[in-house]
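Geometric and topological summary
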Amino acid sequence: MHTLFILVVFMAIDANLMDRMIAVIGDQWAKRCVMPTLCSRETGQTFLSPAGKGDTVTMTDIEPMAAQDVVPGNFPVGYQEITPNSRPLKLDYWKEINIKLTFSEGGNAVDGTIEVAAQRAVNALCEEIDKTFFLEMAKYTYQTVGTGGTAPFASDLSALKTVATRFAVNSVPNDADRFVVLDPFAYNNATNLAAFQDASKAGGLHTLPSGSLDQALGFQWYQSNNIPTQTTNSGTVAVDLAGTAGQATLVTDNGAGAISNFKVGDTFTIAGNAQEYSVVAVSNGSTEQTLSIFPKLAANVADGDAITRKAAHVLNYAFHRSAIQFASRPHRQMLSMGRNSGNVTTFIEQRTNIPLTIQYQEGHAQESWSLMCLYGIGITPLKEGGLHRILG
């Protein structure tokens, strides 16, 4: 059981009942919350500061430094300033799960109804948070390996070797903060590989008895049932208006004056160039679409240039922790309600440092519980080399 730091507790209900809910929620959250533990987080105690949906918080990183030759003398020369790189992150998501129990169900400590209900609520909320991660990542993950519609790692680790090479080229840190998150088909393909089953190659027999993967090629491996599929519309697509290098938008149509049906998260290339792009946002016109793209155009494009979209694929990911940022805060209005009515409790789950809010209400012969989480997700533009799709 994980210890919980209670931030705010105002009780107008059975304290034992609330304690049971908090204990079950905290323990289950520590087991099921995956993606927020694999990304960069706020430092210090900033996660204790109340906020509201749509508020912006500041994430801080330190710019890279460079070594130099030693120059003998009375004092060192060439001091490097510590340059914070501050980036705003918007708290766009306020998610909840609501459950209802009759008074007999809620008050029965013997049959475990309330514990089971709390576990189910945590599972649903964690799944929703993971899904928002994967969809936000798709907007900025333009580099791909593998083939859409084919689960990777059926025969070897070549897809991940390609990613590892690209990480090295982009100077992505080679440390314990490299991760792979896969759907069950890709993950279970990998469990059959010699890299995990052969003790002489895997460094142990962990995979055989447990069926779970640990590490390969410098990446920590995770499985998720919440990874979505990027469905891609078929048909011819072309540039509708010439664009210049460095441009962050692209106007497209179907090559014959009709809309091109791009969707957020689609990836594509232009005129046979190897440079890949992802769609961050879409604005539909009557006969064309204006795409916000990432990265910016690497070269000039001409009206009529052919665009090749990646086929539909599962959004498996390989990434470095520094490429993704996550922030969560207690919701200020919910804290105020707790002070005024006594039916709201906000606490911090200690392993993840994520504030969670429980709201309790009584109705006619029944009670309702809501579990809420306010958070935001960001992709660090300077670290995009550390974020890849492994198509499935």
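This is a predicted model, so every value here is computed, not measured.

Rules of the game
Residues numbered from 1 in each chain as written. Predicted model: local features only at pLDDT ≥ 70, side-chain atom pairs only at ≥ 80, totals over all residues. Heavy atoms only, no water. Helix = DSSP H or I, 4+ residues; strand = E, 2+ residues; numbered from the N terminus. Polar contact = N/O pair within 3.5 Å; in protein donor to acceptor, adjacent residues only side chain to side chain. Contact = heavy atoms within 4.5 Å. Pairing = 2+ DSSP bridges. Axes fitted to C-alpha atoms, helices over the stretch in contact; angles between N-to-C directions. Salt bridge = Lys/Arg side-chain N within 4 Å of Asp/Glu carboxyl O. Buried < 20%, exposed > 50% of the residue type's maximum accessible area, 1.4 Å probe, protein only. Core = buried A, V, L, I, M, F, W, Y, C linked by side-chain atoms within 4.5 Å. Expected span 1.5 Å × (residues − 1). Arc of directions from axis to C-beta.

A word on the side chain of Q289. Topologically, Q289 is positioned in strand β15 (residues 289–294). Separated by 3.0 Å, the side chain of Q289 and the backbone nitrogen of N261 make a polar contact. Of the polar contacts made by the side chain of Q289, one reaches the side chain of N284; its length is 2.6 Å. With near-sequence residues (within four places) excluded, Q289 lies in contact with L250, V251, T252, I259, S260, N261, F262, V282, S283 and N284.

The next subject is the sheet that holds strand β16 (residues 306–309). Sheet architecture is closed into a barrel: six strands sit in the order β11-β12-β15-β14-β13-β16, paired in antiparallel fashion. Strand-to-strand twist in this sheet, taken as the mean axis angle between neighbours without regard to direction, amounts to 45 degrees. Where strand β12 (residues 249–253) lies against β15, four bridges are found, and the strand directions are antiparallel. Paired with V251 across the two strands is T290, which belongs to β15. Along the sheet face, helix α3 (residues 113–140) touches β14 (277–284) and β15 and points at about 100 degrees away from the line of β14.

The subject of this paragraph is the pattern of salt bridges. As enumerated under the stated definition, the model contains six salt bridges in all. A salt bridge links D55 to R332; the nearest nitrogen and oxygen atoms lie 2.7 Å apart. Here the residue D55 occupies a position in the loop between β2 (40–41) and β3 (56–62), and R332 occupies one in helix α9 (residues 332–341), the gap between them amounting to 277 residues. The partly exposed category is assigned to D55, whose relative accessible area is 24%. The partly exposed category is assigned to R332, whose relative accessible area is 37%. As a salt-bridge pair, E276 and K310 come within 3.5 Å of each other at their nearest N and O atoms. Note that E276 is positioned in the loop between β13 (267–270) and β14 and K310 in the loop between β16 and β17 (313–320), a separation of 34 residues in sequence. The exposure class assigned to K310 is partly exposed, which follows from its relative accessible area of 28%.

Along the chain, the position of T357 falls in strand β20 (residues 354–362). The spatial distance from the C-alpha of T357 to the C-alpha of I22 is 9.7 Å, given a sequence separation of 335 residues. Residues contacting T357, with those up to four places away along its chain left out, are M334, V344, T345, T346, S370, L371 and M372. Within the structure, the side chain of T357 is placed 3.0 Å from the side chain of T346, a separation counted as a polar contact.

Below, the discussion takes up the nonpolar core. One finds M137, F319 and I324 to be the most contacted residues of the largest nonpolar core, which totals 46 residues. Counting residues per element, this core draws most heavily on α3, which supplies eleven residues. Leaving out residues up to four positions away in the same chain, M137 has contacts with M35, Y317, F319, I324, I379 and L387.

This next bit is on helix α4 (residues 158–169). Each turn of an α-helix holds 3.6 residues, which means side chains three or four residues apart point in the same direction. The terminal C-alpha atoms of α4, which comprises twelve residues, lie 17 Å apart, in line with the 16 Å expected from a rise of 1.5 Å per residue. Buried residues of α4: A159, L160, V163, A164 and F167, and no others. Down the axis of α4, the buried side of the element spans an arc of 140 degrees, and every buried residue falls inside it. Of the exposed residues in α4, the ones pointing more than 90 degrees away from its buried face are A168 and V169. For α4, the elements touching its buried residues are β6 (143–145), β7 (178–182), β8 (215–216), β9 (219–223), β17 and β22 (387–391). Positive backbone phi, at 60 degrees, marks S171, one or two positions downstream of α4.

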